[in-house]
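# Observations on the model geometry
Here is how the chains run, residue by residue.
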Amino acid sequence: MTARILDGAKIRDQIFVELKDEVRLLTSAGVRPGLAAVLVGDNPASQLYVKSKIAACEQLGLASALLTPPATVNTLDLLAVIEDLNRDNEVDGILVQLPLPTQVDTKRILEAVDPSKDVDGFHPVNLGRLVSGRPGLVACTPAGCMEILRRNDIPIEGANAVVLGRSDIVGKPMALLLMHANTTVTICHSKTRDLPEVVRHADIIVAAMGKAGFVEASWIKPGAAVIDVGTNRVTDAKGAERLFRNFPERLEKFRAKGNALVGDVHPDALNVAGALTPVPGGVGPMTITMLMSNTVKAARLRRASPRFSATQSIAGAR
Ligand code: NAP
C-alpha cells in the first residue's frame with residue numbers, strides 16, 4: 001500500500017482563492033487588511049522568510065509594511081516599535097520574525113503585541129482562548145495541519161491522535177485543536193516511555209520534534225494519517241543512506257546536492273501510512289497560508305462593520 005499524499009501546496013492554492021475573494025469583499029467595504037512585519041538585523045534565513053510573507057500579501061491584495069530595526073536594537077526600543085504598530089489602525093497583523101537578537105527579551109516583545117493583531121497566535125491571551133475553546137488567533141502551523149486533515153476528509157472525530165512534541169508554537173496548540181475536534185489526544189515528549197508503542201495506537205500522528213526520520217515505519221499503524229511537521233536538513237551521508245534506503249532517486253539527489261530536507265517521519269512510512277504529508281511540500285506551505293488567513297481574520301474581527309459582517313458570508317468562517 002502506498003499512502004495518499006497530502007499536498008500542502010494544493011491546499012494553499014485553494015485557501016488563497018478563498019482569501020482573495022474575502023480580501024476583495026473587505027477592501028470594497030473600505031477595509032484593506034494589512035500586515036506589518038518586524039525584521040530585526042540581517043539574518044539571511046529570516047530575511048528570506050519575511051520576503052515570502054510579504055510576497056504572499058502582495059499576491060492576495062493585502063497591504064504590507066516592513067520594519068527593519070538594526071541588530072543592535074534593545075528591548076525598550078523594540079517595544080516602542082510594537083506600540084506604534086498596536087496604535088496604527090491600518091495594521092491588522094503584527095509579525096515579529098524570530099529569532100530576535102539575544103539582548104532582546106523575546107517574551108516581553110511577543111506579549112506586547114496587541115492580541116487582536118497577534119497573527120502568529122503566540123500571545124498568552126490567544127493561547128488561553130484556544131485552551132478554553134473561544135475564538136481567537138491560532139498559531140499558524142497547527143492551524144495549517146488541521147486544514148490539511150479537514151480538507152482531505154481524514155476522519156477526525158473519535159480518532160486516536162498522537163502528537164509528538166509539546167512546544168508552545170506547534171505541539172501544545174496542535175493537541176488542543178485536535179482535542180477540540182473531538183479526537184482522543186496523547187501528547188508525547190522526550191521523557192515519554194516506549195514511544196513506538198504509543199504511536200502504534202494512533203489513527204492520526206502529528207510529528208513535531210525536529211529529529212530527522214525519527215519515527216520509524218514499523219511504529220505506524222497501517223492506514224494511519226501522518227502529518228509530518230519536522231523540517232530537518234540532513235547533511236551526513238550515513239544519515240541520508242538510512243533515510244533514503246528505499247528511495248534511490250532521493251539518495252541520488254542528496255549526493256548531487258550534499259544535503260536534503262526531511263521530516264521527523266522516516267520516508268519508509270509511505271508504504272505503511274494511509275495518508276502522509278511530504279517534506280517538503282506538506283505542512284511547510286500551510287504556515288504562510290495560515291498567517292495570511294489570520295491577517296484577514298484579524299481585519300474582519302477588528303475593523304469590519306456589523307453591517308458588513310451581517311451581509312457577507314465570510315463572517316465567522318475559519
Ligand atoms: P521544539 O521547540 O524544539 O520542540 C521539540 C519537541 O519535541 C519538544 O517538546 C521535545 O520534548 C520533543 N522531542 C525531542 N526529542 C524527542 C524524542 N526523542 N522523543 C519524543 N519527543 C521528543 O520544536 P518546534 O518548534 O515545535 O518544531 C518542531 C519541528 O517542526 C522542527 O523540525 C521545526 O523545524 C519544525 N517546524 C516546521 C514548521 C513548518 O512550517 N513546516 C513550523 C514550525 C516548526 P521536550 O519538551 O521533552 O524537550
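Computed from a prediction, not measured in an experiment: that's the story for all the values here.

## What to know about the domain arrangement of the protein chain
One can read the domain layout of the protein chain as domain 1 (29–134 + 286–298) and domain 2 (140–284). The C-alpha-based centres of domain 1 and domain 2 are spaced at 27 Å. Facing 13 residues of domain 1, the contacting portion of domain 2 comprises 14 residues. Surface buried jointly by domain 1 and domain 2 totals about 1,100 Å² across both partners, of which 72% is contributed by carbon and sulfur atoms. Here domain 1 is connected to domain 2 by zero salt bridges. At the boundary of domain 1 with domain 2, the tally comes to six residue pairs in polar contact (both at pLDDT 80 or more). Elements that contribute at least two residues to the side of domain 1 that touches domain 2 include exactly helix H5 (124–131) and helix H11 (284–303). It is H11 that contributes the most residues to the side of domain 1 that touches domain 2, six residues altogether. For the side of domain 1 that touches domain 2, a count of residues per class yields eight nonpolar, four polar and one charged.

## Focus on the site of the ligand
Close to the ligand lie 21 residues, the nearest being Arg166, Ser167, His189, Ser190 and Thr287. Contact between the ligand and Ser167: an oxygen atom at 2.5 Å from a side-chain N or O atom of the residue. Separating an oxygen atom of the ligand from a side-chain N or O atom of Thr287 is a distance of 2.7 Å. Within the complex, the protein chains bury 70% of what would otherwise be the 930 Å² of accessible surface of the ligand. Counted by class, the shell around the ligand contains eight nonpolar, eleven polar and two charged residues.

## Examining the sheet that holds strand S2 (residues 34–38)
Spatially, three strands are ordered S3-S2-S4 in an open sheet, and the strand pairing comes out parallel. Of all the strands in the sheet, just strand S3 (63–67) and strand S4 (93–96) have a single pairing partner and so form its edges. Strand-to-strand twist in this sheet, taken as the mean axis angle between neighbours without regard to direction, amounts to 15°. As paired elements, S2 and S4 share four bridges and run parallel to each other. Within S4, the position partnered with Val38 by the bridge is Val96. In the packing of helix H2 (residues 44–60) onto the sheet, the strands contacted are S2, S3 and S4, and the crossing angle to S3 comes to about 160°.

Parameters and conventions
Residues numbered from 1 in each chain as written. Predicted model: local features only at pLDDT ≥ 70, side-chain atom pairs only at ≥ 80, totals over all residues. Heavy atoms only, no water. Domains from an automatic or database assignment. Contact = heavy atoms within 4.5 Å. Buried area = accessible area lost by both parts, 1.4 Å probe. Salt bridge = Lys/Arg side-chain N within 4 Å of Asp/Glu carboxyl O. Polar contact = N/O pair within 3.5 Å; in protein donor to acceptor, adjacent residues only side chain to side chain. Helix = DSSP H or I, 4+ residues; strand = E, 2+ residues; numbered from the N terminus. Nonpolar A, V, L, I, M, F, W, Y, C, P; charged D, E, K, R; others polar. Near = heavy atom within 4 Å. Areas by Shrake-Rupley, 256 points an atom, 1.4 Å probe, with all protein chains shown as cover. Pairing = 2+ DSSP bridges. Axes fitted to C-alpha atoms, helices over the stretch in contact; angles between N-to-C directions.

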